[in-house]
Amino acid sequence: MNRHLLSAGDLSRDDALLILDTAEELATLTERATVKKLPTLRGRTVVNLFFEDSTRTRTSFELAAKRLSADVINFSAKGSSVSKGETLKDTALTLEAMGADAVVIRHSWSGAPVNLARWVQGSVINAGDGTHEHPTQALLDAFTMRQRHGRLEGLRVAIVGDVLHSRVARSNVLLLHTLGADVTLVAPPTLLPVGVEAWPADVSYDIDAVLPKSDVVMMLRVQRERMSAAFFPSSREYSRRYGLDVRRVASLPDDAIVMHPGPMNRGMEIAPEVADGVRSTIVAQVANGVSVRMAVLYLLLGGAEPAIGRPLEGEA
Amino acid sequence: MTAAHNAPRRPVSGDPAAARSVLTSADLSRVIDRMAHELLEKTGGGAEVVLLGIPTRGPALAARLAGRIEAFEGVRVPTGSLDITLYRDDLRLKSPRALEETEVPVDGIDDKLVVLVDDVLFSGRTIRAALDALADLGRPRAVQLAVLVDRGHRELPIRADYVGKNIPTSLREAVHVQLVEHDGVDAVLLGPADMDRA
């Protein structure tokens, strides 16, 4: 039975906690005990299939796989003239022939990983598909929150900014809901997706009302490359109404943390002094990303059958 | 859909009704006392010794040995925990296991005499994995092995330096070590092999 990590919503509470606990032990091993190479996935092949630009996610997956001794193939397929469906299928068949045990896919097309999962034998891990989902980002965010606050249950998390184009926001809302945190989405009405009322999260247009009641504030990148229309009057206006500056940070509770999935638009959604400030976990998030992805790879590929994830619907 | 049943922990114990007692609580503490004395004797007073327990029950045993060593000679021996899951040779045979804690003493293991501590010595495969894990953590001066129970049936050329009790068993039997820290009671039981191997 093949299992995949396509959506943060696929993870049960037990699955998610198993990943976080495993990541914690792996972090201890690789950081405190300085074990840089574990033999666990020797002989397994992980393919990084990136159709869209990425620095941290691709290198993070690559490092995670290599630390577990898997063989890694980086496959970046950009700018093809063939229609997306056919390209992806052809690529999938190539990967199939190479015998990939896992395919890590990033694609600008929401739903590409689900399609890929129908065509390949190995486990498919969604590393970001369009504006849909980015489950390992949500896992590393949850890991970071638990690391700093010691719990997730009842944690008040504000996710601020371009929710409409954010796969990070969607995955975080799903996962944090599963783990018992209370999420509030804060954005201008134009940057909230249709149907957001159905998400398991509160919605607010007023960042200054939400911040004093937040243990975690997660700033989202304003995704200009996905914007085909004017969603707000000007950068300055956006920054003034929804940007996290020093004054707003001062209104947070004392132990609140500031997160950002990166890459940041410094001076737009987040002020440079805040990004580099003591509450910022932005660098920790990157380090934690490797541990969390190691955990996901281990739990999907380490044994006779995966310990997490789910089969595709219609597959036994 | 869920992985709860796929995240195996070692079963706590067998069916007590079907198992017979091999060591009682009093026996167990005498055995641990003797092992502590042997350890002091063989290591010249416990200098530069590090006790590393293999989960689940090894770390508790290591802590007890260290406690007895301190009581007898006033020597503080550092202890730790060494999870071997990621080094197992049977990983591919089961679904991935949850990891246990690895905690190495602050001074590390380089040039130390590392004594691995486990509850039951059986095939020897756990110890082989532990030696691999140890090699990734540092370079001990020497490695020794202390086990509460040696039940035989080795599949690798591995032997223990300190043995609490030799219990001849058949492969149809299972040894269950129970410790107050994990099971609320101290006992060693021998029962039918209805579960996994040590």
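Residues numbered from 1 in each chain as written. Chains lettered and ligands numbered in written order. Predicted model: local features only at pLDDT ≥ 70, side-chain atom pairs only at ≥ 80, totals over all residues.

**With respect to the overall build of chain B**
Next up, step 1: When helices and strands are counted, chain B shows 4 helices and 8 strands.
Next up, step 2: Each helix and strand of chain B, ordered N terminal to C terminal, gives the series β-α-β-α-β-β-α-β-β-β-α-β.
Next up, step 3: Within chain B, contacts between residues at least 6 apart in sequence are counted, and of these 70% link residues at least 24 apart. (Helix = DSSP H or I, 4+ residues; strand = E, 2+ residues; numbered from the N terminus. Contact = placed C-beta atoms within 7 Å.)

**A short note on the interface of chain B and chain A**
Next up, step 1: The interface is formed by 23 residues belonging to chain B together with 24 residues belonging to chain A.
Next up, step 2: Residue composition of the side of chain B that touches chain A, grouped by class: 13 nonpolar, 4 polar and 6 charged. (Nonpolar A, V, L, I, M, F, W, Y, C, P; charged D, E, K, R; others polar.)

**Details of the environment of Leu220(A)**
Residue and element names in this part refer to chain A.
Next up, step 1: Along the chain, the position of Leu-220 falls in the loop between strand E8 (216-219) and helix H8 (235-242).
Next up, step 2: For the pair formed by Leu-220 and His-260, sequence separation is 40 residues and the distance between their alpha carbons is 6.2 Å.
Next up, step 3: Among all residues touching Leu-220, those that are not within four sequence positions of it are Ile-159, Val-160, Gly-161, Asp-162, Val-163, Ser-166, Val-168, Ala-169 and Glu-269.

**Observations regarding the sheet that holds strand E8 (residues 187-192) of chain B**
Residues and elements named next belong to chain B.
Next up, step 1: The sheet built from 3 strands is open, its strands ordered E1-E8-E7 with antiparallel pairing. A strand with exactly one partner marks an edge of an open sheet, and here the two such strands are strand E1 (20-23) and strand E7 (173-178). For this sheet, the mean angle separating the axes of adjacent strands, direction not counted, is 30 degrees.
Next up, step 2: Examined bridge by bridge, E1 and E8 share 3 bridges and lie antiparallel to one another. Residue pairing for E8: Arg-20 is matched across the bridge by Leu-190. (Pairing = 2+ DSSP bridges. Axes fitted to C-alpha atoms, helices over the stretch in contact; angles between N-to-C directions.)

**As for the packing of helix H1 (residues 25-42) of chain B against helix H2 (residues 58-73) of chain B**
Residues and elements named next belong to chain B.
Next up, step 1: Packing of H1 against H2 leaves a shortest axis separation of 9 Å and a crossing angle of 65 degrees. The angle between H1 and H2 falls in the class roughly perpendicular. In this structure, H1 crosses over H2, and the sense of that crossing is right-handed. Note on element contacts: H2 touches H1 through Arg-64, Leu-65, Arg-68, Ile-69, Phe-72 and Glu-73, opposite Ile-32, Asp-33, Met-35, Ala-36, His-37, Leu-39 and Leu-40.
Next up, step 2: Residues of the contact of H1 with H2, tallied by class, amount to 8 nonpolar, 1 polar and 4 charged. (Parallel < 35°, antiparallel > 145°, perpendicular 65-115°, else oblique. Left-handed = near helix turned anticlockwise from the far one by under 90°.)

**Points about the domain arrangement of chain A**
Residues and elements named next belong to chain A.
Next up, step 1: Under the domain assignment, chain A is made up of domain 1 (8-134 + 286-301) and domain 2 (135-282).
Next up, step 2: With 23 residues of domain 1 at the interface, the matching set in domain 2 holds 22 residues.
Next up, step 3: For the side of domain 1 that touches domain 2, the secondary structure elements donating two or more residues are helix H1 (13-32), strand E4 (123-129) and helix H11 (282-301).
Next up, step 4: Of the residues belonging to the side of domain 1 that touches domain 2, the class tally is 9 nonpolar, 9 polar and 5 charged. (Domains from an automatic or database assignment.)

**Digging into the confidence of the model for chain B**
As a general rule, the predicted coordinates of low-pLDDT regions are not to be interpreted in detail.
Next up, step 1: In the predicted model, chain B carries a mean pLDDT of 90, and the fraction of residues at 70 or more is 89%.
Next up, step 2: Predicted complex, confidence summary: ipTM 0.83, pTM 0.90. (pLDDT = per-residue confidence, 0-100.)

**A short note on the environment of Ile257(A)**
Residues and elements named next belong to chain A.
Next up, step 1: For Ile-257, the position within the fold is in strand E9 (residues 257-259).
Next up, step 2: Note: C-alpha distance between Ile-257 and Val-278 (21 residues apart in sequence) is 8.6 Å.
Next up, step 3: Setting aside residues up to four positions removed in sequence, Ile-257 forms contacts with Arg-148, Val-216, Arg-279 and Thr-281.

**Considerations on H2(B)**
Residue and element names in this part refer to chain B.
Next up, step 1: Helix length check: H2, at 16 residues, gives a terminal C-alpha distance of 22 Å against a target of 22 Å (1.5 Å per residue), a fit within 8%.
Next up, step 2: Three or more residues of H2 are buried, namely Gly-58, Pro-59, Ala-60, Leu-61, Ala-62, Arg-64, Leu-65, Ala-66 and Ile-69.
Next up, step 3: Those residues of H2 that are buried are in contact with H1, strand E2 (49-53), strand E3 (79-81), strand E4 (113-121), strand E5 (142-150) and helix H4 (180-183).
Next up, step 4: The positive-phi residue at the C-terminal boundary of H2 is Gly-74, with phi of around 70 degrees. (Expected span 1.5 Å × (residues − 1). Buried ≥ 20, exposed ≤ 12 C-beta atoms within 10 Å, placed from the backbone.)

**Re the packing of helix H5 (residues 135-149) of chain A against helix H6 (residues 167-178) of chain A**
Residue and element names in this part refer to chain A.
Next up, step 1: Packing of H5 against H6 brings their axes to within 8 Å, and their N-to-C directions diverge by 55 degrees. Taken together, the axes of H5 and H6 are oblique relative to one another. Crossing hand, H5 versus H6: right-handed. Residues Pro-135, Gln-137, Ala-138, Leu-139, Asp-141 and Ala-142 of H5 pack against Val-168, Ser-171, Asn-172, Leu-175 and Leu-176 of H6.

**Side note on the nonpolar core**
Taken as a class, soluble globular proteins show a tendency for nonpolar side chains to be buried jointly.
Next up, step 1: Ile19(A), Val103(A), Ile159(A), Val160(A), Val217(A), Leu297(A) and Leu65(B) are the most contacted members of the largest nonpolar core, which has 151 residues in total.
Next up, step 2: By residue number, the principal contributor to this core is H11(A), which donates 11 residues.
Next up, step 3: Per-domain counts for this core show at least three residues from each of domain 1 (8-134 + 286-301) and domain 2 (135-282) of chain A.
Next up, step 4: For Leu297(A), the contacting residues outside a window of four places in its chain are Leu41(A), Val46(A), Ala64(A), Ala65(A), Leu68(A), Ala70(A) and Ala102(A). (Core = buried A, V, L, I, M, F, W, Y, C linked by C-beta atoms within 7 Å.)

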